[in-house]
Amino acid sequence: MKQLQALIFDVDGTLSDTERDGHLVAFNKAFADAGLDWNWTVEIYGDLLTVTGGKERIKYFLERYLPDFRPEGEFETFVADLHAAKTEHYKALMVDPGLPLRPGVERLLREARDAGMRLAIATTTTPANVTALLRNSLAEDAEDWFDVIAAGDVVPAKKPAPDIFVWAMEQLNLPPESCMAIEDSDNGVKSVRGAGIRSLLITVNDYTRHQDFSDATLVVDHLGDEGQPSKVLAGPDLVNGQVDLDALRNIHQYAWK
Ligand code: XBP
Ligand code: MG
């Protein structure tokens, strides 16, 4: 068994509840700007989340809910423009009102960083969105905390394909045996497993708590913080109600034994 050397974090739903409070709001603002009378509700968005990636999600919405819709211009350009407008809204929302990180995220990142653990990101979202969240919700220099930020179209096949985790590990120059993934969704689990990473921590949220995480090493409601203990939903118990580096090293051993 190799020692744990890097933590690879998903972003949306894992670092912050960006899906409901960021992406969904930004999509609806972009639709309104474009004069479209589409309004994605929190429930519809739950269905749309089965497809990762914003452009892919818009296309899936049209196929499923508005199969007769035809834009005025070329289809791919229409989707790309709409998505670019959505990204602008998303970035603005990260500044004002801003979004908090989920409980324990900052605590664990700081602890890992102080201990010399390498940090990486593997997400389907657009790189500019990651930067906006990290800068505004974590620290001005937070991008520099991560050795690798693997995001968006850097790989053509998004989660559940394994490509984004494979790409992140290539950049880290580490094998799967040295890495742990932190995810929130079943699409994330498939991607992690496909990339050969066995050490997998899941933090659930309202969109994902009903999903099948039987493949994860540890499933918690959140990472836990001072006065806000985390609840273990599956896997070994936590010592002090918080997912800390000791807990991660333990579950890494557990995953590979
Ligand atoms: C996240 C996503 C993203 C965002 C939208 O999935 O599905 O597509 O919802 O981002 P995961 P963009 O957390 O599994 O990486 O609009 O920038 O594509
Ligand atoms: Mg996610």
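Everything below is about the structure shown above.
Rules used throughout
Residues numbered from 1 in each chain as written. Chains lettered and ligands numbered in written order. Predicted model: local features only at pLDDT ≥ 70, side-chain atom pairs only at ≥ 80, totals over all residues. Heavy atoms only, no water. Helix = DSSP H or I, 4+ residues; strand = E, 2+ residues; numbered from the N terminus. Rg over C-alpha atoms; globule rule 2.2 N^0.38 Å. Contact = heavy atoms within 4.5 Å. Areas by Shrake-Rupley, 256 points an atom, 1.4 Å probe, with all protein chains shown as cover. Donors = N, O, S within 2.8 Å, 3.2 Å for Na, K, Ca; no water. Buried < 20%, exposed > 50% of the residue type's maximum accessible area, 1.4 Å probe, protein only. Pairing = 2+ DSSP bridges. Axes fitted to C-alpha atoms, helices over the stretch in contact; angles between N-to-C directions. Near = heavy atom within 4 Å. Polar contact = N/O pair within 3.5 Å; in protein donor to acceptor, adjacent residues only side chain to side chain. Nonpolar A, V, L, I, M, F, W, Y, C, P; charged D, E, K, R; others polar. Salt bridge = Lys/Arg side-chain N within 4 Å of Asp/Glu carboxyl O.

J.: What is the right way to look at the overall build of the protein chain in this model?
T.: Broken down by element type, the protein chain carries nine helices and seven strands. Over its C-alpha trace the protein chain gives a radius of gyration of 18 Å, about what one expects of a compact globule, namely 18 Å for 257 residues. For the protein chain, the C-alpha atoms occupy an extent of roughly 55 × 35 × 35 Å along the three principal directions. For the protein chain, long-range pairs separated by at least 24 residues make up 63% of all intrachain contacts whose partners lie at least 6 apart in sequence. Summed over all atoms, the accessible surface of the protein chain reaches about 11,600 Å², with 48% contributed by carbon and sulfur.

J.: Explain the coordination of the magnesium ion (ligand 2) here, please?
T.: Each donor-metal-donor angle would ideally measure 109.5 degrees in four-coordinate tetrahedral geometry, or 90 or 180 degrees in six-coordinate octahedral geometry. Distances from the magnesium ion (ligand 2) to its protein donors, Asp-10 (OD), Asp-12 (O) and Asp-184 (OD), fall within 2.1 to 2.2 Å. Mapping the donors of the magnesium ion (ligand 2) onto the primary sequence yields the spacing D-x1-D-x171-D. Placement of the pair is Asp-12 in the loop between strand 1 (6–9) and helix 1 (18–33) and Asp-184 in the loop between strand 4 (179–183) and helix 8 (186–194), with a sequence separation of 172 residues. Pair check on accessibility: Asp-12 and Asp-184 agree, each one buried.

J.: Explanation requested: the sheet that holds strand 4 in the structure shown.
T.: Sheets are built from strands paired through backbone hydrogen bonds, the pairs being either parallel or antiparallel. Taken in spatial order, the seven strands line up as 3-2-1-4-5-6-7 in an open sheet, and their pairing is mixed. One side of each edge strand has no neighbouring strand; the edge strands of this open sheet are strand 3 (148–151) and strand 7 (232–234). Averaged over all adjacent pairs, the angle separating strand axes in this sheet is 20 degrees, with direction ignored. Relative to strand 4, strand 1 runs parallel, the two being bridged by four bridges. Considered in strand 4, the bridge of Ala-6 is made with Cys-179. Where helix 7 (residues 163–172) meets the sheet, it contacts strand 1, strand 2 (118–123), strand 3 and strand 4, and its direction lies at approximately 160 degrees from that of strand 3. The strands touched by helix 8 are strand 4 and strand 5 (199–203); relative to strand 5, the strand with the most contacts, the crossing angle is about 170 degrees.

J.: Help me understand the side chain of Arg-107, please; the structure alone is not making it clear to me.
T.: Structurally, Arg-107 can be placed in helix 5 (residues 105–114). The class of Arg-107 is buried, set by a relative accessible area of 18%. Those residues within four positions of Arg-107 in sequence are excluded, and the remaining contacts are Leu-223, Gly-224, Asp-225, Gln-242, Val-243 and Asp-244.

J.: Please clarify how the site of ligand 1 should be interpreted in this entry.
T.: Residues in close proximity to ligand 1 total 17 residues, the closest being Gly-54, Arg-57, His-83, Lys-86 and Thr-126. Backbone polar atom of Asp-12 to an oxygen atom of ligand 1: 3.3 Å apart, as the coordinates give it. Within the side chain of Lys-159, an N or O atom sits 3.1 Å from an oxygen atom of ligand 1. Coverage of ligand 1 by the protein amounts to 97% of the 450 Å² it exposes when considered alone. Secondary-structure elements contributing two or more residues to the shell around ligand 1 are helix 1, helix 3 (54–65) and helix 4 (75–95). Considering only residue class, the shell around ligand 1 consists of one nonpolar, 10 polar and six charged.

J.: Would you take a moment to explain the pairing of strand 4 for this structure?
T.: Two faces, one strand: in a regular strand the side chains alternate between the faces of the sheet. With five of five residues buried, strand 4 lies mostly within the body of the structure. On strand 4, burial covers both faces: Cys-179, Ala-181 and Glu-183 on one face and Met-180 and Ile-182 on the other are all buried. Taken together, the four bridges between strand 4 and strand 5 define a ladder with parallel strand orientation. Across the sheet, Glu-183 pairs through a bridge with Ile-202, a residue of strand 5.

J.: How should I be thinking about the pattern of salt bridges in this particular structure?
T.: Side chains that differ in sign of charge can pair as their charged atoms come close. If you walk through the whole model with that rule in mind, you get 18 salt bridges. Glu-19 is the salt-bridge partner of Arg-57, the closest N and O atoms lying 3.8 Å from each other. Of this pair, Arg-57 sits in helix 3 while Glu-19 sits in helix 1, and the two are 38 residues apart along the sequence. Looking at Arg-57, the relative accessible area reads 5%, which means it is buried. A relative accessible area of 14% places Glu-19 in the buried class.

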